[in-house]
Amino acid sequence: MHVDGSSMMSTSEETAPYGTGPAAASTTASTAATVKRVRTHHLREMKGRGERFSMLTAYEQYAAQTFDEAGIEVLLVGDSASNNVYGNETSLPVTVDELIPLTRAVSRSTRRALVVGDLPFGSYQASPEQAYLTAVRFMKEGGAHAIKLEGGGEMAPQIEKLTQGGIPVMAHIGFTPQSEHTLGGYRVQGRGETAERILRDAKAVQEAGAFAVVMEMVPGNVAAQVTQELDIPTIGIGAGAGCDGQVLVWQDAFGLRTGRMAKFVKQYADLHAVLLQAAQDFDAEVKAGTFPGPEHTF
């Protein structure tokens, strides 16, 4: 009996049970593959037109694909993976070797977003040469399109070294989590007389060659002034609505993490509750013997 190959395929071939990589991303983002990759100059052009952009953290394939599909312009593989992936209390313990595989997963899984790798504590502060060698690893091994580092004027030599060597740099000023012990904990930066320091740091990183600057936990009026005086885009996190872009840690913004949140976090979903209910339903069906049913059995 002749059996048509196509019909045999339709009845006997199974869907890959554990995912099939980036090619399996939702086709609802059909235009994403045809839209050009967001580049650093696109963000500056958006600032010039008065358009705002968004940035989220991402640490793995499916979140990265989803945010890319949503139209998020920038994805940051943050050192916040330390306390959102690896279970540490702060960002300080995470290492370059731990962040590079996450960066690689995100860069492989996106088609449009600009992917920024975050240099972890101790991997760039010692010298411009150390910063360059670390950043090269993020670009070559992780597939990052740019890197982020913390610090203002004191990081100008590192920023200059990287940009001269072909590595785009996103700076980070205001509250810098890697310096939490020096700053005396999680405290707003730039109030009163220290506001001028925020502006000096912002101008210093711009002059050194940074293509954008994150401002964290900075008073809104100060951040707005910085945004007006800089040519490069500003990205706020706890810095008010006057910045050119905004960033949040995705587990905070979408409710995967529970507990007390920083004042600047808005939660757009309660993914913890959804995931918890789904796990409880699965557990109950397994214990009751109702899963797997006939439709799930070969």
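Residues numbered from 1 in each chain as written. Predicted model: local features only at pLDDT ≥ 70, side-chain atom pairs only at ≥ 80, totals over all residues. Heavy atoms only, no water.

- Within an unreviewed UniProt entry, the label attached to the protein reads 3-methyl-2-oxobutanoate hydroxymethyltransferase, and the organism entered is Nocardioides psychrotolerans.
- Recorded under Pathway (unreviewed entry), the UniProt text for the protein is reproduced unchanged: "Cofactor biosynthesis; (R)-pantothenate biosynthesis; (R)-pantoate from 3-methyl-2-oxobutanoate: step 1/2." (UniProt positions renumbered as here; feature names shortened; annotations may be inferred.)

## A few points about helix 12 (residues 271-288)
Argument step 1. Taking 1.5 Å of rise per residue, 18 residues should cover 26 Å, and helix 12 covers 26 Å from first to last C-alpha, within 8% of that figure.
Argument step 2. One or two steps after helix 12, the chain reaches Gly289, where phi turns positive at roughly 80°. (Helix = DSSP H or I, 4+ residues; strand = E, 2+ residues; numbered from the N terminus. Expected span 1.5 Å × (residues − 1).)

## Concerning the packing of helix 6 (residues 128-140) against helix 7 (residues 156-164)
Argument step 1. Here helix 6 crosses helix 7 at 45°, and the two axes come no closer than 8 Å. Relative to helix 7, the element helix 6 lies oblique. As for how helix 6 packs across helix 7, the hand of that crossing is right-handed. Taken together, the residues of helix 7 that come into contact with helix 6 (itself represented by Pro128, Glu129, Ala131, Tyr132 and Ala135) are Pro157, Gln158, Lys161 and Leu162.
Argument step 2. Tallied by class, residues from the contact of helix 6 with helix 7 come to 6 nonpolar, 1 polar and 2 charged. (Axes fitted to C-alpha atoms, helices over the stretch in contact; angles between N-to-C directions. Parallel < 35°, antiparallel > 145°, perpendicular 65-115°, else oblique. Left-handed = near helix turned anticlockwise from the far one by under 90°. Contact = heavy atoms within 4.5 Å. Nonpolar A, V, L, I, M, F, W, Y, C, P; charged D, E, K, R; others polar.)

## Regarding the sheet that holds strand 5 (residues 169-174)
Note on sheets: strands pair through backbone hydrogen bonds, and any given pair is parallel or antiparallel.
Argument step 1. Strand order in the closed barrel formed by 8 strands is 1-2-3-4-5-6-7-8, with parallel pairing between adjacent strands. Going from strand to strand, the sheet's axes swing by 25° on average, the running direction of each strand aside.
Argument step 2. Pairing geometry for strand 1 (residues 53-57) and strand 2 (residues 74-77), over 3 bridges, is parallel. The residue of strand 2 that forms the bridge with Leu56 is Leu75. (Pairing = 2+ DSSP bridges.)

## Thoughts on the UniProt feature "active site" (unreviewed entry) in the protein
Argument step 1. When the UniProt feature table is mapped onto this chain, "active site" (unreviewed entry) is found at Glu216.
Argument step 2. Here Glu216 is to be found in strand 6 (residues 212-216).
Argument step 3. Classification of Glu216 by relative accessible area gives buried; the value is 8%.
Argument step 4. Once residues lying within four places of it in the same chain are set aside, the contact partners of Glu216 are His172, Ile173, Gly174, Phe175, Pro177 and Ile237.
Argument step 5. Only 3.0 Å separates the side chain of Glu216 from the side chain of His172, close enough to count as a polar contact. (Buried < 20%, exposed > 50% of the residue type's maximum accessible area, 1.4 Å probe, protein only. Polar contact = N/O pair within 3.5 Å; in protein donor to acceptor, adjacent residues only side chain to side chain.)

## Points about the side chain of Thr227
Argument step 1. Of note, Thr227 is situated in helix 10 (residues 220-229).
Argument step 2. Given a relative accessible area of 7%, Thr227 falls into the buried group.
Argument step 3. Dropping the residues within four chain positions of it, Thr227 is found in contact with Lys47, Met215, Thr234, Gly242, Cys243 and Asp244.

## Concerning the packing of aromatic side chains
Argument step 1. If you walk through the whole model with that rule in mind, you get 5 aromatic pairs.
Argument step 2. Aromatic pair Phe67 and Phe254: ring centres 5.8 Å apart, planes at 55°, arrangement tilted. Residue Phe67 is found in helix 3 (residues 61-70), and its partner Phe254 is found in the loop between helix 11 (250-253) and helix 12; the two are separated by 187 residues along the sequence.
Argument step 3. Judged by its relative accessible area of 7%, Phe67 is buried.
Argument step 4. Aromatic pair Trp250 and Phe254: ring centres 6.5 Å apart, planes at 40°, arrangement tilted. Residue Trp250 shares its accessibility class with Phe254, and that shared class is buried.
Argument step 5. Grouping aromatic residues by their ring pairs yields a cluster made of Phe67, Trp250, Phe254 and Tyr268.
Argument step 6. Cation over ring: Lys161 sits above Tyr132, and NZ or CZ is 5.9 Å from the ring centre. (Phe/Tyr/Trp six-rings, centres within 6.5 Å; stacked < 30°, edge-to-face > 60°. Lys NZ or Arg CZ within 6 Å of the ring centre and 35° of its normal.)

## Topic: the side chain of Glu73
Argument step 1. Secondary-structure assignment places Glu73 in the loop between helix 3 and strand 2.
Argument step 2. An unpaired buried charge is present at Glu73: no salt bridge exists, and Arg112, the closest side chain of opposite charge, is 4.4 Å distant.
Argument step 3. Once you skip the residues sitting within four places of it in the chain, Glu73 turns out to touch Val38, Leu43, Met46, Phe53, Ser54, Arg112, Ala113 and Leu114. (Lys, Arg positive; Asp, Glu negative; His and termini not counted. Salt bridge = Lys/Arg side-chain N within 4 Å of Asp/Glu carboxyl O.)

## Notes on the pairing of strand 3 (residues 114-118)
Argument step 1. For strand 3, the tally of buried residues reaches 5 of 5 residues, placing the bulk of the element in the interior.
Argument step 2. Across the two faces of strand 3 the burial is the same, with Leu114, Val116 and Asp118 and Val115 and Gly117 all buried.
Argument step 3. Summarising the sheet, strand 2 and strand 3 pair through 4 bridges and their orientation is parallel. Pairing of Leu76 across the sheet is with Val116, part of strand 3.
Argument step 4. Pairing of strand 3 with strand 4 (residues 146-150) involves 3 bridges; the strand directions are parallel. Bridge pairing links Val116 to Ala146 in strand 4.
Argument step 5. Taking the sense of rotation as the criterion, the β-α-β connection linking strand 3, helix 6 and strand 4 turns out right-handed. (Right-handed = clockwise from strand over helix to strand, strands pointing away.)

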